[in-house]
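# Structural overview for review
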Amino acid sequence: MNLLESIKMAFSSLAINKLRSFLTMLGIIIGISAVITITTIGNSISKTLNNTFDQLGDVKLTIYPEIRDDYEGKYPENDDDTLTLEKVQELVEKHPNELTYSCNEAYGAADIVNLKGETFKALMIGVSGDYFDPPQFKKQIVQGRAPSNADNIGKKHTCVVSDVFCEQYFGSADDALGKTIRFEVNNQGNINLTIVGIMEYTDLEKSEMKINTTKNKLDIRTYVFFPYNTMLEAKGLSPKETILHSAQIGWTSNCDSETAKRYIEDYFEDVYRNNDTWQIAIYDSQEEMGMITTVLNVITIAISVIAAISLIVGGVGVMNIMLVSILERTREIGVRKALGALNGDIRSQFVIEAVIICLTGGTIGVLIGVLNGVILSKVAAILLNTMAAEYAEYITLSVQPSIPAIIISLAFSMLTGLIFGYYPAKRAGNMNPIDALRYE
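- Under an unreviewed UniProt entry, the name given to the protein chain is Putative ABC transport system permease protein, and the source organism is Ruminococcus albus.
- Here is the UniProt Sequence similarities (unreviewed entry) comment for the protein chain, exactly as written: "Belongs to the ABC-4 integral membrane protein family."
- Its UniProt record, at the heading Subcellular location (unreviewed entry), says of the protein chain: "Cell membrane".

In C-alpha cells form, the structure reads like this:
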C-alpha cells in the first residue's frame, strides 16, 4: 500500500466518526491555539513597540553627567565636572561628517500683551535646528516652518508658536506668519521674535495643558520655540559658560549608533580622565528597546512552553482513541492481513491516521490562535481609543503572528501523532490474523 492510499484510508476512517475524531483533536486544538495565541500576542506587542519607536524617529544618544561609583557629593561643583556646550561642540567638531548634536533649554516665562491690550504668559524654549526633525514633531507644524540650522547658526530672531498662542494674540492663526512679537521675559529682559511657523498640539498635550477645558484662553500657558544660539546671545553666555543637564548626539549616514557611542566614550574618557568624581553617561533608547524585546521574547517562550504541555494531554487522548479504534477494527485488520497486507502496511496506516488527526487539530489550532490574536488586537484598539485616546496617535497597533511558532507548532503536532500513534499502530501491526478474524 502506498502513502497516498494510506492517507485516503485515514481520512475515510476519520469521516466515519466525525464527532469522536473532533473530540480526539480537541486537546491538540486547545494546546496549539494557546501557543499561537500567546506567541501572536508577544510578537504583536514587540512589533507594536518597534513600530511606535520607528514612528517617533530621529533616534539619538543622550549624554549626561553622573557620579562615579558611590561618591556622595553635590551636583557638579566646577567647570571640570559639568557638561558644557563647548565640550559637546568640540566632540562634534572632531567628527564633523559623522556626528550632530541637539539640545534645548527653557529661557523663561514671558509676558505678552496682545492686540487688545490683554496680558498672557508663554514659556520660552531655546531649541537647536533639528529639534523639529522627528516625524512626530514635524507633523505638528501646520503653517510655515520650524527654526532651521541656518536660523540657529545665524542667531536669527525667529520662532514657532502654537495655534492657541495665535488665538490669544491675534484672535486667529490666519495672518500670524511673518508677524513680530515682543516678549517680556522675567528676569531676562525683552526679545523680539518673528513668527515663521505655527504648530498644533497633540491630543496628549491638549489634555495635559487642559486646553479644551480652560474657559479663559488667556489662562493657558503655551510654548514658544526659538533658536538655541539666539537664546544664548540673549543671556550673554558663551558655549564654555553654557552648562547642559543633557545633550543629544545624532549621527549621519556616514556613521552608526555603535560608532557614535565609541566616539563619545573615547572623547569623554579623555576629558574626564583626571576626574575621580564625575563621568559622562550614555543613554541609548535603541539598546533599551532591545532589552524590552528580549524580555518579551523570553516571557513569550516560557508561557508557550507551559501551554505546550497540554499537547501531551492531547497526545495521550490520541493514543487512547487509537487503541479503541484498533480494537473496533480488529476484524478489518484480520481481513487485510489475510489478503496479504504486511505488518508494516497496517502499522503505517494507523501511524498516518494518528498524524493526520494531530496535524488537522494543529492546523485548526493555528487558525484559532491567529484569530484570537486579531480579536485581542481589535479589543486593545477599542480600549486604547476609549480609555487613553490621547496616547492613540503615538501607538501603532500591529498584529504579527509568529511564522516560526506556526511552523514549529505544526511540526510538533505531527511529532505528537508519530509518538503517541506509534504504540497503537505497532500493536495493530503485530496482531495475529487468525485471532483477529475470530474477534467478535
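### Comments concerning the overall build of the protein chain
- Looking only at helices and strands, the protein chain has 15 helices and 13 strands in total.
- Per-residue burial over the protein chain gives 43% buried out of 440 residues.
- Summarising the internal contacts of the protein chain: among those between residues at least 6 apart in sequence, 78% fall at separations of at least 24.
- When the accessible area of the protein chain is evaluated, it comes to approximately 23,000 Å², of which 57% is carbon and sulfur surface.

### Regarding the UniProt feature "transmembrane region" (unreviewed entry) in the protein chain
- Mapped onto this numbering, the UniProt entry gives "transmembrane region" (unreviewed entry) at residues 21-42, 301-327, 350-383 and 403-423.
- In residues 21-42, helix accounts for 100% and strand for 0%; the two terminal C-alpha atoms are 32 Å from one another.
- As annotated, residues 403-423 comprises 100% helix and 0% strand, and the C-alpha atoms at either end are separated by 32 Å.

### Considerations on unusual backbone geometry
- For lysine 155, which is not a glycine, the phi torsion comes out positive at approximately 55°.
- Note that lysine 155 resides in the loop between α5 (149-153) and β7 (158-162).

### With respect to the packing of aromatic side chains
- Applying the stated criterion to the full structure yields eight aromatic pairs.
- Consider the rings of tyrosine 267 and phenylalanine 268, whose centres lie 4.8 Å apart with planes at 80°: the pair is edge-to-face.
- Consider the rings of phenylalanine 268 and tyrosine 272, whose centres lie 6.3 Å apart with planes at 50°: the pair is tilted.
- Three or more aromatic residues joined by ring pairs form one cluster here, namely Phe120, Phe165, Tyr169, Phe170 and Phe183.

### Structural notes on the nonpolar core
- Among the nonpolar cores identified, the biggest contains 47 residues, and Ile63, Ile112, Met124, Phe165, Phe183, Val224 and Phe268 are the most heavily contacted of them.
- Considering every element that reaches this core, the biggest residue donor is helix α9 (residues 257-271), with five residues.
- Leave out the neighbours within four places in its chain, and phenylalanine 183 touches Ala110, Asp111, Ile112, Met124, Phe165, Gly189, Asn190, Ile191, Leu193 and Val224.
- Counting residues in hydrophobic clusters, the runner-up holds 28 residues, among them Ile32, Ile333, Val351 and Met431.

### Notes on a negative patch on the surface
- A surface patch of negative charge is lined by Asp256, Glu258, Glu265, Asp266 and Glu269.
- Examined against the element boundaries, glutamate 265 turns out to sit in helix α9.

### What to know about the environment of isoleucine 7
- Mapping isoleucine 7 onto the fold places it in helix α1 (residues 3-16).
- When the C-alpha atoms of isoleucine 7 and phenylalanine 350 are compared, they prove to be 9.7 Å apart, with 343 residues separating the residues in sequence.

### Thoughts on the pattern of salt bridges
- Enumeration over the complete set of coordinates arrives at five salt bridges.
- The partner of lysine 235 in a salt bridge is glutamate 105, and the shortest N-O contact between them spans 2.8 Å. With lysine 235 in helix α8 (residues 228-235) and glutamate 105 in strand β4 (residues 104-113), this pair connects stretches of sequence that are 130 residues apart.
- Since its relative accessible area comes to 24%, lysine 235 is described here as partly exposed.
- One salt bridge connects arginine 145 with aspartate 151, and the closest N-O pair in it is separated by 2.7 Å.
- Relative accessible area serves as the criterion here: at 37%, arginine 145 is assigned to the partly exposed category.

### Looking at the sheet that holds strand β13 (residues 278-284)
- Taken in spatial order, the four strands of this open sheet run β3-β12-β1-β13, and their pairing is antiparallel. Strand pairing shows two members of the sheet lacking a second neighbour, β3 (99-102) and β13, which therefore form its edges. Between one strand axis and the next, the sheet turns by 35° as a mean value, whatever way the strands run.
- Across the sheet, helix α3 (residues 85-94) touches β1 (61-67), β3 and β12 (247-251), and the angle it forms with β3 is around 160°.
- Helix-sheet contacts for helix α10 (residues 285-328) involve β12 and β13, and the interaxial angle to β13 is about 55°.

### Concerning the pairing of strand β9 (residues 189-199)
- In terms of strand pairing, strand β6 (residues 141-144) meets β9 through three bridges, oriented antiparallel. Across the sheet, isoleucine 141 pairs through a bridge with methionine 199, a residue of β9.
- As paired elements, β7 and β9 share five bridges and run parallel to each other. Opposite cysteine 159, over in β9, you have isoleucine 195 as the bridge partner.
- Two strands pair when backbone bridges link them, and strand β8 (residues 180-185) and β9 are joined in this way by six bridges, in the antiparallel orientation. In the strand pairing of β9, glutamate 184 is matched with asparagine 190.
- In sequence, β8 turns back onto β9 through a hairpin of three residues, with asparagine 187 there showing a positive phi of about 65°.

### Points about the side chain of serine 413
- For serine 413, the location among the structural elements is in helix α14 (residues 403-429).
- Those residues in contact with serine 413, other than ones at most four positions away along the chain, are Ile28, Ile32, Cys358, Leu359 and Gly362.

### Section: helix α11 (residues 330-338)
- Residues Thr330, Ile333, Gly334, Arg336 and Lys337 constitute the buried set of α11. Projection of α11 onto a plane perpendicular to its axis shows the buried side chains occupying an angular sector of 165°, all on one side.
- Glycine 340 sits one or two positions beyond α11 and adopts a positive phi of about 110°.

How each quantity is defined
- Numbering of residues starts from 1 in every chain and runs along the sequence as written.
- Per-residue local features are limited, in this predicted model, to residues with pLDDT of at least 70; the limit for side-chain atom pairs, both in listing and counting, is 80 or more; totals at the level of whole chains, interfaces and linings are taken over all residues.
- To obtain the side-chain values, all non-hydrogen atoms of the structure were used and water was disregarded.
- UniProt positions are given in the numbering used here, feature names are shortened, and annotations may be inferred rather than shown by experiment.
- Helical segments are the DSSP runs of H or I of at least four residues, strand segments are the runs of E of at least two, and each set is numbered from the N terminus.
- Exposure classes here rest on a 1.4 Å probe applied to the protein chains alone. A residue is buried below 20% of its type maximum, exposed above 50%, and partly exposed in between.
- A contact between two residues is defined here by any heavy atoms of the two lying within 4.5 Å.
- Each accessible area value is a Shrake-Rupley result obtained with a 1.4 Å probe; residue values ignore everything except the protein chains displayed when judging cover.
- The aromatic pairing rule takes the rings of Phe, Tyr and Trp, using the six-membered ring of Trp, and pairs them if the centres are within 6.5 Å, calling planes under 30 degrees apart stacked, those over 60 edge-to-face and the rest tilted.
- Buried Ala, Val, Leu, Ile, Met, Phe, Trp, Tyr and Cys residues form a nonpolar core when they are joined through side-chain atoms within 4.5 Å.
- The patch calculation keeps residues exceeding 30% relative accessible area without a salt bridge and links them within 9 Å when they carry like charges or within 5 Å when they are nonpolar (Val, Leu, Ile, Met, Phe, Trp, Tyr).
- Just to be clear on terms, a salt bridge is a Lys or Arg side-chain nitrogen sitting within 4 Å of an Asp or Glu carboxyl oxygen.
- Under the counting rule used here, the positive set is Lys and Arg, the negative set is Asp and Glu, and His together with the chain ends is not counted.
- A single reference atom marks each charge: NZ on Lys, CZ on Arg, CG on Asp, CD on Glu.
- By this definition, two strands are paired if DSSP reports at least two bridges between them.
- Between N-to-C directions, angles span 0 to 180 degrees; the directions come from axes that are lines fitted to C-alpha atoms, helices contributing only their stretch in contact.
- Each direction from the helix axis to a C-beta atom contributes to the arc, which is the arc of those directions.

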